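A closer look at the structure
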Amino acid sequence: MSEQQVHHRTVNVRGHAIFYREAGPAHAPVLLLLHGFPTSSYMFRDLIPRLARRYRVIAPDHLGFGHSAAPSAQEFTYTFASLAALTAEFTEALGLDRFALYIQDYGAPIGLRLALAHPERITAIVTQNGNAYDEGLGADAWAPVLALIADRNPKTEAPVRAIRSLDGIRWQYETGVPAAYRSLLNPDAWHHDAALMAREGQDGIQLGLIADYGANFALYPAFQEYFRTSRVPLLAVWGEGDEVFVPSGAEAFRRDLPDAEIHLLPTGHFALETHAPQIAALTDDFLARRVGVRP
């Protein structure tokens with residue numbers, strides 16, 4: 001399968017510049033890639049060209065991340081609901097009325113809010129360590145976040161700040177990756193993320209979002225009801241060594257979607273860093289069979 005050139009573009013959404021990567025034929029079925037914390041659409045750099053022969057692949061940077069605008073927390077209220085609303089307007093600005101979702105980490109609650117608002121627009125979901133179940137939460141990794149959600153104060157903020165330090169970000173990339181795959185990890189990835197996370201204003205942006213994560217837990221029952229009623233085709237490709245979103249979160253999708261396809265891969269939270277070719281092949285095959293996308 002030949003790889004496609006990736007274009008780097010910006011569109012204005014509600015007065016904010018939203019950066020996105022795009023590749024593939026303009027009239028092909030759309031695959032919308034939604035990244036997680038602490039990265040950006042850069043995380044999809046190895047995936048996009050591999051899927052762009054059959055699909056119009058679009059990967060935005062959320063507001064406050066990557067190359068998108070990053071108004072301060074005083075200028076914009078950073079919540080998952082507000083980011084989902086901007087993402088919905090982003091899709092409308094690009095004229096996207098039907099698309100499959102590829103969601104990871106923060107991209108999961110953002111993308112699933114899109115599905116709740118407009119289920120008719122979603123053709124399928126690929127979730128790569130993108131959680132929607134309580135059992136998917138790794139106890140140790142979530143302990144400082146849950147403390148912040150319960151009571152935001154200087155004492156609970158300190159350990160959460162450490163999550164977006166260079167060492168904290170590197171931990172997310174390396175943890176759970178077996179020795180056989182460690183040499184595939186590109187250190188440029190965590191240095192790239194850390195540099196963007198160190199920009200002025202990021203402290204308020206990221207603390208605000210992490211403190212709001214409890215709003216996603218409150219929507220888990222609604223997400224699960226959406227799965228049951230929509231019967232949306234779903235593929236979970238999951239790094240089984242992830243300590244943030246553990247494999248039980250992947251297996252849980254079958255409770256509401258018995259036909260969900262679950263693949264646990266020998267890697268960690270950022271599975272694309274070590275298994276992009278395999279994930280691209282699984283995604284391509286899944287969409288071809290379940291949504292009917294053909295060359």
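This write-up is about the structure you can find in this document. Since we're looking at a predicted model, the values are computed, not measured.

**Looking at the packing of helix 6 (residues 166-174) against helix 8 (residues 187-197)**
- Running from N to C, helix 6 and helix 8 point in directions that differ by 145°, and their axes come no closer than 9 Å. In the packing of helix 6 onto helix 8, the handedness of the crossing is right-handed. Along its contact with helix 6, which presents Leu166, Ile169, Arg170, Tyr173 and Glu174, the element helix 8 presents Ala189, Trp190, His191, Asp193, Ala194 and Met197.
- When its residues are assigned to classes, the contact of helix 6 with helix 8 shows seven nonpolar, one polar and three charged.

**Structural notes on empty space enclosed by the protein**
- Under the criterion given, the structure shown has one cavity of 30 Å³ or more.
- There is about 80 Å³ of room inside the largest cavity.
- In terms of lining, the largest cavity is formed by Ile18, Pro60, Asp61, His62, Leu63, Leu83, Leu86, Thr87 and Phe90.
- Sort the elements by how many residues they give to the lining of the largest cavity and helix 2 (residues 80-93) lands first, with four residues.
- Here the residues of the lining of the largest cavity sort into six nonpolar, two polar and one charged.

**So, the side chain of Asn129**
- If you trace the backbone, Asn129 turns up in the loop between strand 6 (122-127) and helix 4 (139-150).
- Here the side chain of Asn129 touches Asp242 through a polar contact of 2.8 Å, side chain to side chain.
- Ignoring sequence-local partners within four residues, the contact set of Asn129 consists of Gln104, Asp105, Val237, Trp238, Gly239, Asp242, Phe245, Gly268, His269 and Ala271.

**Remarks on the side chain of Gln206**
- Of note, Gln206 is situated in helix 9 (residues 202-211).
- Of the polar contacts made by the side chain of Gln206, one reaches the side chain of Gln202; its length is 2.8 Å.
- Setting aside its immediate chain neighbours within four residues, Gln206 contacts Phe37, Gly64, Phe65, Arg164 and Met197.

**Topic: the layout of surface pockets**
- In this model, the largest pocket occupies a volume close to 290 Å³.
- Of all elements in the fold, only helix 4, helix 5 (154-163) and helix 6 reach the threshold of two or more residues within the lining of the largest pocket.
- Class assignment for the residues of the lining of the largest pocket results in 12 nonpolar, two polar and one charged.

**Considerations on the nonpolar core**
- In terms of nonpolar packing, the biggest core is built from 97 residues, with Tyr102, Ile125, Phe227 and Phe253 touching the most fellow members.
- When sequence neighbours within four positions are dropped, the list of residues in contact with Phe253 reads Thr127, Gly130, Ala132, Tyr133, Phe227, Leu234, Ala236, Trp238, Ala260 and Ile262.

**Quick notes on the packing of aromatic side chains**
- For the coordinates displayed, the defined rule picks out 21 aromatic pairs.
- The interplanar angle of 85° and the centroid separation of 5.2 Å between the aromatic rings of Phe80 and Tyr213 together place this pair among those described as edge-to-face. Of this pair, Phe80 sits in helix 2 while Tyr213 sits in the loop between helix 9 and helix 10 (214-230), and the two are 133 residues apart along the sequence. For the pair formed by Phe80 and Tyr213, the shared burial category is buried.
- The structure contains a cluster of three or more aromatic residues connected by ring pairs, namely Phe37, Phe65, Phe80, Tyr106, Trp142, Tyr213, Phe217, Tyr220, Phe223 and Phe245.
- Over the ring of Tyr42 we find Arg45; its NZ or CZ atom is 4.3 Å from the centre of that ring.

**With respect to the pattern of salt bridges**
- As enumerated under the stated definition, the model contains 18 salt bridges in all.
- The salt bridge involving Arg161 is made with Asp203; its shortest N-O contact spans 2.7 Å. Taken as a pair, Arg161 in helix 5 and Asp203 in helix 9 lie far apart in primary sequence, 42 residues in all.
- Measuring nitrogen to oxygen at the nearest pair gives 2.7 Å for the salt bridge that ties Arg228 to Glu225. A residue pair is termed a helical-turn pair when its members lie 3 or 4 positions apart in one helix, as Arg228 and Glu225 do in helix 10 at three residues.
- Looking at Glu225, the relative accessible area reads 36%, which means it is partly exposed.
- One network of salt bridges, in which partners are shared, links Arg152, Glu157, Arg161, Arg164 and Asp203.

Reading the values: rules and limits
Residues numbered from 1 in each chain as written. Predicted model: local features only at pLDDT ≥ 70, side-chain atom pairs only at ≥ 80, totals over all residues. Heavy atoms only, no water. Axes fitted to C-alpha atoms, helices over the stretch in contact; angles between N-to-C directions. Helix = DSSP H or I, 4+ residues; strand = E, 2+ residues; numbered from the N terminus. Left-handed = near helix turned anticlockwise from the far one by under 90°. Contact = heavy atoms within 4.5 Å. Nonpolar A, V, L, I, M, F, W, Y, C, P; charged D, E, K, R; others polar. 1 Å grid on protein atoms, 1.4 Å probe; cavity = no way out; pocket = protein on both sides within 12 Å on 5 of 7 lines; lining within 4 Å. Points joined across faces, edges and corners; volume = space filled by probe spheres on them. Polar contact = N/O pair within 3.5 Å; in protein donor to acceptor, adjacent residues only side chain to side chain. Core = buried A, V, L, I, M, F, W, Y, C linked by side-chain atoms within 4.5 Å. Buried < 20%, exposed > 50% of the residue type's maximum accessible area, 1.4 Å probe, protein only. Phe/Tyr/Trp six-rings, centres within 6.5 Å; stacked < 30°, edge-to-face > 60°. Lys NZ or Arg CZ within 6 Å of the ring centre and 35° of its normal. Salt bridge = Lys/Arg side-chain N within 4 Å of Asp/Glu carboxyl O.

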